[in-house]
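Structural description and commentary
This is what each chain is made of:
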Amino acid sequence: MTPKIARFLTEQKPATPCLVVDLDCVRGQYRALHDALPSSRIHYAVKANPAPAILKELNNLGSFFDIASPGEIDICMKAGIPAQKLSFGHTVKTARSIAYAHQKGLTLYAFDCIEELRKLAEHAPGCEVFCRLGVLNTGAQWPLSRKFGTTPESAFTLLQQARDLGLKPAGLSFHVGSQQTSTEAYGDAIAQAAGIYHRLRQQGITLDFINMGGGFPTYYNSPIPSIDQFGKAIATAMTTHFPEGAPRILLEPGRYMVGSAGVVHTEVVLSSKRGGGDNTPRWVYLDIGRFGGLAETEGESIRYTFQTPHDENTASRSPCILAGPTCDSMDVLYEKNLVPLPEELKTGDRVNILATGAYVSTYCSTGFNGFPPLDEHYI
Ligand SMILES: *Cc1c(COP(=O)(O)O)cnc(C)c1O
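Residues numbered from 1 in each chain as written. Predicted model: local features only at pLDDT ≥ 70, side-chain atom pairs only at ≥ 80, totals over all residues. Heavy atoms only, no water.

Put simply, the rule reads: UniProt positions are given in the numbering used here, feature names are shortened, and annotations may be inferred rather than shown by experiment.
The protein is annotated in an unreviewed UniProt entry as ornithine decarboxylase from Bombella intestini. Taken from UniProt, the Pathway (unreviewed entry) comment for the protein reads in full: "Amine and polyamine biosynthesis; putrescine biosynthesis via L-ornithine pathway; putrescine from L-ornithine: step 1/1."

So, in structure tokens, the structure goes:
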């Protein structure tokens, strides 16, 4: 938690649950990534947190943006971002949304199969396209493979077909999985992309860029490599695989850019063993849960850090099951990985959930059980 957020919580005492994001921290993350790979072009993945305050801040710093729907195009344009700075990175788009993007002036689109390529040729004629490769997501705590991407062989064919359809084959992309904790994942994917790049060159096609997606991790509760280590691994792999000069690097960070900048401020609704004996864990119910925005606790994949008013007294912690406030029994955050919380923790205590700036505000339901959407503060 940054001092600015701590001060805001003490002075403003905002109603819970709410998300508080420190924009200085977002700025710092952008600069650190930019410094780690100075020649890259950063396309912020808008879905991680589309708050206008964040979009404007990043736009001022020179960021580009990756969007996935007409709704995200509108949010960006309303924030003053020109269409030329938007890429349509989703490989699965309706014809209507392609036509909408084309009409708004977007020129860069992702695809991973011939059917999508034909849609692009019809509804965004002449556009620049990049083909997404399916790469291993080993090391990622929130994988994004399976559903997207194609094989190197098919990417090689598809990018030539793109040219034949009157489109501009501009690049290759991959996503090594979100919350990627291994720097090697990028190197392996770059090697694959380079193989296709060189083969396409022999066919008279020179791609402009390799788009490495996102994946850069946020610190939750176990150590992660620094952004400089990721930068070094990527730069080294690029030099190795493109000895005669590399194409441009595009990055689509989402989580990295905003995750560490946010804190969810929440209240304990109930803390009880509910008739269980001494050896049963306590149930702690917070006023935010799986449906209030903490969707990434699905499968207990992302494991947040909790800060309570009793943290100095570490001797008296006991493992708790953590649950949300709704009437749905799926609304449990952690029950396999119990969370050690102070014995003194009681109803009405405020609890902070750290590093929750990404993938929380928009995963929130619009009113399940009558609980309103999460309040958001950008400071
Ligand atoms: C979600 C997404 C990202 C952002 O991923 P992070 O792991 O949050 O950095 C980037 N690119 C695409 C295509 C995505 O779908």
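1. Brief notes about the UniProt feature "domain: Orn/DAP/Arg decarboxylase 2 N-terminal" (unreviewed entry) in the protein
This is how the line gets drawn: Strands are runs of DSSP state E lasting at least two residues, helices are runs of H or I lasting at least four, and both sets are numbered from the N terminus onward.
Following the UniProt record, one finds the feature "domain: Orn/DAP/Arg decarboxylase 2 N-terminal" (unreviewed entry) at residues 26-258. Across residues 26-258, the secondary structure splits into 43% helix and 17% strand, with the terminal C-alpha atoms separated by 6 Å.

2. Overview of the pattern of salt bridges
Put simply, the rule is: A pairing counts as a salt bridge when a side-chain nitrogen of Lys or Arg comes within 4 Å of a carboxyl oxygen of Asp or Glu. Throughout this description, buried means an accessible area under 20% of the type-specific maximum (1.4 Å probe, protein chains only), exposed means over 50%, and partly exposed covers the range between.
According to the stated counting rule, one finds 14 salt bridges in the structure shown. A salt bridge links K4 to D22; the shortest N-O distance between them is 3.4 Å. Taken together, the positions of K4 in helix 1 (residues 3-12) and D22 in the loop between strand 1 (18-21) and helix 2 (23-36) put the pair 18 residues apart, joining distant regions of the chain. Relative accessible area serves as the criterion here: at 23%, K4 is assigned to the partly exposed category. A salt bridge links E298 to R290; the shortest N-O distance between them is 3.4 Å. For R290, a relative accessible area of 13% translates into the label buried.

3. Examining the site of the ligand
For clarity, the threshold we go by: A molecule or strand has a residue near it when one of that residue's heavy atoms lies within 4 Å. The term polar contact refers here to a pair of N or O atoms within 3.5 Å; inside protein, the definition further demands a hydrogen-donor-capable atom paired with an acceptor-capable atom, and it admits residues adjacent in sequence only when both atoms are side-chain atoms. Cavity and pocket criteria rest on a 1 Å grid covering protein atoms alone: a 1.4 Å probe that fits but cannot get out defines a cavity, protein on both sides within 12 Å along at least 5 of 7 lines defines an open pocket, and an atom within 4 Å of a point defines a lining residue. A molecule is counted as occupying a cavity or pocket when more than half of its atoms fall within 2 Å of that pocket's grid points. In this classification, Asp, Glu, Lys and Arg are treated as charged, Ala, Val, Leu, Ile, Met, Phe, Trp, Tyr, Cys and Pro as nonpolar, and every other residue, Gly included, as polar.
As a matter of local geometry, the ligand sits amid 13 residues, with K47, S178, E252, R255 and Y359 nearest to it. Measuring from an oxygen atom of the ligand, one finds a backbone N or O atom of G215 at 2.9 Å. A distance of 2.5 Å is found between a nitrogen atom of the ligand and a side-chain nitrogen or oxygen belonging to E252. Taking a 2 Å distance to the grid points as the criterion, the majority of the atoms of the ligand fall inside the largest pocket. Class assignment of the residues belonging to the shell around the ligand gives a composition of three nonpolar, six polar and four charged.

4. Comments concerning the side chain of E57
Short version of the rule: Contact criterion: two residues are considered in contact whenever any of their non-hydrogen atoms come within 4.5 Å of each other.
Topologically, E57 is positioned in helix 3 (residues 52-61). Reaching out from E57, the side chain makes a polar contact with the side chain of R27 at a distance of 2.5 Å. Excluding residues within four positions of it along the chain, E57 makes contact with L23 and R27.

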